[in-house]
Amino acid sequence: MRSHRRSRLLAPLMLAPLIAGCFASGGGDDSGDGGGGDGARLRVALAFPPAENLSPYGADATLLSRLGVTEGLTALDANGSAAPALAESWRRDGDKVWEFTLRDATFQDGGDVTPAAVADSLTRATDAKPAPAALAGVTLSAKAQGERVVRITTAEPDPVLPLRLSSPSLAVLSAKAYEKGNGRVDPVGHATGPFELTEVNGATSATLDRFDDYWGGRAQASGIDARFIADGTARANALRTGELDIAEAVPVAQAATLDEKTRRDTATTRTTSLLLNASSGTFQDAGLRAAARGAIDTSVFADDVYEGYADPSAGIYGPAVTWAEGKRTAPVGRVEAEKPGGATVNLATYDNRPELPEVAQVVKQQLEKAGFKVKLTVREYSRLEGDALAGKFDAFVLARNTLLDTGDPVAVLAGDYTCDGGFNIAQLCDRDVDRAVAEAVGIADTAKRQDAAMAAEARILGTDAVVPLVHQRIITGVADSVQGVILDPYERTLVGTGTRR
């Protein structure tokens, strides 16, 4: 077996920063203890129960990455650039080929992380149905080259491939993860991160143990007892009574009940928006979409609903994406609003993020004041996503981290607002939007790519299929005894090798 203590490369190897700031921690750093003693287990509550049996290809991917189970060839550094993870370096070989050199690492089931294993894992991700959001509009093939190199070829030039490969949905798993067949993926014991899933109790809880052969050093906590608690008040209460060490996504209404030392708020790249179904139902009519957009007073959400833990809406990208404001242009192609005339609207949202039902209630009232008739549906997210993606609602209130999937500002536009987008809840299919996004996809220069992303944003906003409402700050509850919690603006990580109590 090879050595698994090769040091990380600290410098990002490509692309200028996409957002400013740095990852904060709850004390201490995120380095391992170099093989020190057995720390106490961490008790962690996550807001979203598994919706897809912990498949890495959908929404559950971030559950795995936040718990330190999975990782990909690359990661996002504090500035939003691609940084080494399972790949210690990479280089571009022409327009369509990248070569990634692997570090010495081991899968949790004992096998080495080899180029063949990585190529197989990425190939299975490309074959997944539906495709992971990070691969929206991208066709790639991966092959082993020698003992340490994976060669990835894309059908079209992809200047941000190293960013794309940082997506939690493109985590590298061993061959044993795929043995069940039928497209099913089992991450239990088959990943590479500092913590290994050993037991999953449906959508209720999961048990993780420290993976002692982790390439980045042994974690200081001996394991994690994770609970999936959709009710935000219950998460806050469990932290307050000492049942938990870490509680993610504490509701704004519960923040004041926590001691000041135990609540951390973090600016994120998450935007809450109203998505209007542009392909069927009431909002297939662009004039009625314009009427809905005109009816929404977004000024009330940041101060009233989020009680200051948010910023007023600016666009698809919020103020955490610091370059966006200086490049933003007015929406293009808007039509005149029509009178609603009592048109019915089936509006939906989910309660895993407790503020969203209140946001939706305010939206309902504003639409009704404008002359729409509105029915509001609120469910837990896993019971809602399928219907939302199938276009069964006229309108949907969604909290979406715009840089979550890849770190690339263009990727969320391709995934959420193009005809072939894999997360197109707005059901938008607009020729001018697709053209603008396609133009942005092919640009390598960072500043020019940002300009093109903002031009595409202007086209998307011009359709009125999305109405940005507010840009969120996330509140994390952290017990006084806990150090090293990772407060990540991309919401991909929460615990690491240095998280302990």
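Residues numbered from 1 in each chain as written. Predicted model: local features only at pLDDT ≥ 70, side-chain atom pairs only at ≥ 80, totals over all residues. Heavy atoms only, no water.

Re the overall build of the protein chain
Condition: Helix numbering and strand numbering both begin at the N terminus, where a helix is a DSSP run of H or I of at least 4 residues and a strand a DSSP run of E of at least 2. Computation of the radius of gyration draws on C-alpha atoms, with the globule rule given as 2.2 Å multiplied by the number of residues to the power 0.38. Using a 1.4 Å probe on the protein chains alone, a residue whose accessible area is under 20% of its type maximum counts as buried, one over 50% counts as exposed, and one in between counts as partly exposed. For the area figures, the Shrake-Rupley method with a 1.4 Å probe applies, and any residue is considered shielded solely by the protein chains shown.
Helices and strands together make up the secondary structure of the protein chain, namely 13 helices and 19 strands. For a compact globule of 501 residues, the expected C-alpha radius of gyration is about 23 Å, and the protein chain comes in at 22 Å, within 12% of that figure. Going through the 501 residues of the protein chain one by one, you find that 58% of them count as buried. Of the accessible surface of the protein chain, which amounts to about 18,700 Å², a share of 48% is contributed by carbon and sulfur atoms.

Observations concerning the packing of aromatic side chains
Convention followed: Any Phe, Tyr or Trp ring, taking Trp's six-membered ring, that has another such ring centre within 6.5 Å forms a pair; planes under 30 degrees apart are called stacked, those over 60 apart edge-to-face, and the others tilted. Lysine and arginine charges are scored as sitting over a ring when NZ or CZ, respectively, is within 6 Å of the ring centre and within 35 degrees of the ring normal.
Enumeration according to the criterion identifies 9 aromatic pairs in this entry. Relative to Phe372, the ring of Phe283 lies with its centre 5.6 Å away and its plane at 55°, an arrangement referred to as tilted. Of the two residues, Phe283 is situated in the loop between strand E13 (263–276) and helix H6 (286–295) and Phe372 in the loop between helix H9 (355–370) and strand E16 (373–379); the sequence distance between them amounts to 89 residues. What makes Phe283 buried here is its relative accessible area of 0%. On the basis of an interplanar angle of 50° and a centroid distance of 5.9 Å, the ring pair of Tyr317 and Trp323 is categorised as tilted. The pair formed by Tyr317 and Trp323 is uniform in burial state, with each residue classed as buried. Chaining the aromatic ring pairs together yields one cluster made of Phe48, Tyr350, Tyr381, Phe393 and Phe396. Above the face of the Trp215 ring, Arg103 is positioned so that its terminal group lies 4.0 Å from the ring centre.

Quick notes on the state of the cysteines
To keep it simple, the criterion reads: Whenever a pair of cysteine sulfur atoms sits within 2.5 Å, that pair is classed as a disulfide.
Under the definition given, this model contains 1 disulfide. In this model Cys419 forms its disulfide with Cys429; the gap between the sulfur atoms is 1.9 Å. On the sign convention where negative means left-handed, the S-S torsion of about 95° between Cys419 and Cys429 marks this disulfide as right-handed. Of this pair, Cys419 sits in the loop between helix H11 (409–417) and helix H12 (431–441) while Cys429 sits in the loop between H11 and H12, and the two are 10 residues apart along the sequence.

Thoughts on the confidence of the model for the protein chain
Just so we agree on the cut-off: The quantity called pLDDT is the predictor's confidence in a given residue, expressed from 0 to 100. Residue contacts follow a heavy-atom distance rule, with two residues in contact if any of their heavy atoms lie within 4.5 Å.
The predicted model of the protein chain has a mean per-residue pLDDT of 90, with 93% of residues at 70 or higher. Low confidence marks residues 1–36, where pLDDT is under 50. Its contacts with residues over four positions away, or in another chain, come to 123 contacts.

Examining the side chain of Thr266
With respect to the element layout, Thr266 can be found in strand E13. Thr266 gets classed as buried once you look at its relative accessible area, which sits at 13%. Not counting the four nearest positions on each side in its chain, Thr266 is found in contact with Gln472, Arg473, Ile474, Leu487 and Pro489.

Some points on the environment of Val172
Turning to its location among the elements, Val172 is positioned in the loop between helix H3 (161–164) and strand E9 (195–201). Taking the C-alpha atoms as reference points, Val172 and Gly189, separated by 17 residues in sequence, lie 12 Å from one another.

A look at H6
This is how it is decided: Polar contacts here mean pairs of N or O atoms no more than 3.5 Å apart (in protein, one a potential hydrogen donor and the other a potential acceptor; neighbouring residues in sequence count only if both atoms are side-chain atoms).
Most of H6 sits inside the fold, with 7 of its 10 residues counted as buried. Buried positions along H6 lie against E13 and H9. Capping of H6 at its N-terminal end is provided by Asp285; its side-chain oxygen lies 2.8 Å from the backbone amide nitrogen of Gly287.

Quick notes on a negative patch on the surface
This is how the line gets drawn: The patches described consist of residues with a relative accessible area above 30% and no salt bridge, like charges being joined within 9 Å and nonpolar side chains (Val, Leu, Ile, Met, Phe, Trp, Tyr) within 5 Å. Any Lys or Arg side-chain nitrogen located within 4 Å of an Asp or Glu carboxyl oxygen qualifies as a salt bridge. We treat Lys and Arg as the positive residues and Asp and Glu as the negative residues; His and chain ends play no part in the count. In this description, the location of a charge corresponds to atom NZ of lysine, CZ of arginine, CG of aspartate or CD of glutamate.
Taken together, the side chains of Asp303, Asp304, Glu307 and Glu358 present a region of like negative charge at the surface. Looking at the secondary structure, you find Glu307 in the loop between helix H7 (299–305) and strand E14 (310–312).

Examining the sheet that holds strand E6 (residues 97–102)
Remark on secondary structure: sheet strands pair via backbone hydrogen bonds, oriented parallel or antiparallel. To keep things clear, this is the line we draw: At least two bridges found by DSSP between two strands is the condition for calling them paired. Geometry is summarised by axes, namely lines fitted to C-alpha atoms with helices restricted to the contacting stretch, and by angles between N-to-C directions that run from 0 to 180 degrees.
Taking strand neighbours across the sheet as the criterion, the 4 strands line up as E5-E6-E8-E7 in an open arrangement whose pairing is antiparallel. A strand with exactly one partner marks an edge of an open sheet, and here the two such strands are strand E5 (87–92) and strand E7 (140–145). On average, each strand axis in the sheet is inclined to that of its neighbour by 20°, with strand direction left out of account. Judged from the 5 bridges that link them, E6 and strand E8 (residues 149–154) form a sheet pairing that is antiparallel. Considered in E8, the bridge of Glu99 is made with Arg151. Its contacts with the sheet place helix H2 (residues 115–127) against E6, E7 and E8, and it is angled at close to 170° to E7.

Structural notes on the packing of H11 against helix H13 (residues 446–462)
The criterion, for reference: To sort the angles, those under 35 degrees are grouped as roughly parallel, those over 145 as roughly antiparallel, those from 65 to 115 as roughly perpendicular, and the leftovers as oblique. By definition, turning the near helix anticlockwise from the far helix through less than a right angle yields a left-handed crossing, and turning it clockwise yields a right-handed one.
At a minimum axis distance of 9 Å, the contact between H11 and H13 shows a crossing angle of 30°. Overall, the two elements H11 and H13 adopt an arrangement that is roughly parallel. By crossing handedness, the relation of H11 to H13 is classed as left-handed. Taking contact as the criterion, the partners of Pro409, Val410, Leu413 and Tyr417 in H11 are, on H13, Arg449, Ala453, Ala456, Glu457 and Ile460.

Some remarks on the nonpolar core
Convention followed: The definition of a nonpolar core used throughout is a set of buried Ala, Val, Leu, Ile, Met, Phe, Trp, Tyr and Cys residues joined through side-chain atoms within 4.5 Å.
Of all hydrophobic cores here, the largest spans 150 residues; its most connected members are Leu73, Ile152, Leu274, Phe372, Phe396 and Leu413. Filtering out sequence-adjacent residues up to four positions away, Phe396 remains in contact with Ser273, Leu274, Leu275, Leu347, Ala348, Thr349, Tyr350, Leu384, Ala388 and Ile425.

As for the packing of H11 against H12
Under the convention used in this document: Charged residues are taken to be Asp, Glu, Lys and Arg, nonpolar residues to be Ala, Val, Leu, Ile, Met, Phe, Trp, Tyr, Cys and Pro, and polar residues to be all remaining types, Gly included.
Contact geometry of H11 with H12 gives a least axis separation of 10 Å together with a crossing angle of 150°. By the angle between their directions, the pair H11 and H12 is classed as roughly antiparallel. The element H11 and its partner H12 pack so that their crossing is left-handed. Packed against H11, whose contacting residues are Val410, Leu413, Ala414 and Tyr417, the element H12 presents Val433, Asp434, Val437, Ala440 and Val441 at the interface. Looking at the contact of H11 with H12, its residues break down into 8 nonpolar, no polar and 1 charged.

Quick look at the pairing of E9
Note that E9 and strand E10 (residues 205–210) share 6 bridges and pair antiparallel. What sits directly across from Glu196, in E10, is Asp209. Between E9 and E10, which pair antiparallel in sequence order, lie 3 residues; one of them, Gly202, sits at a positive phi of approximately 55°.

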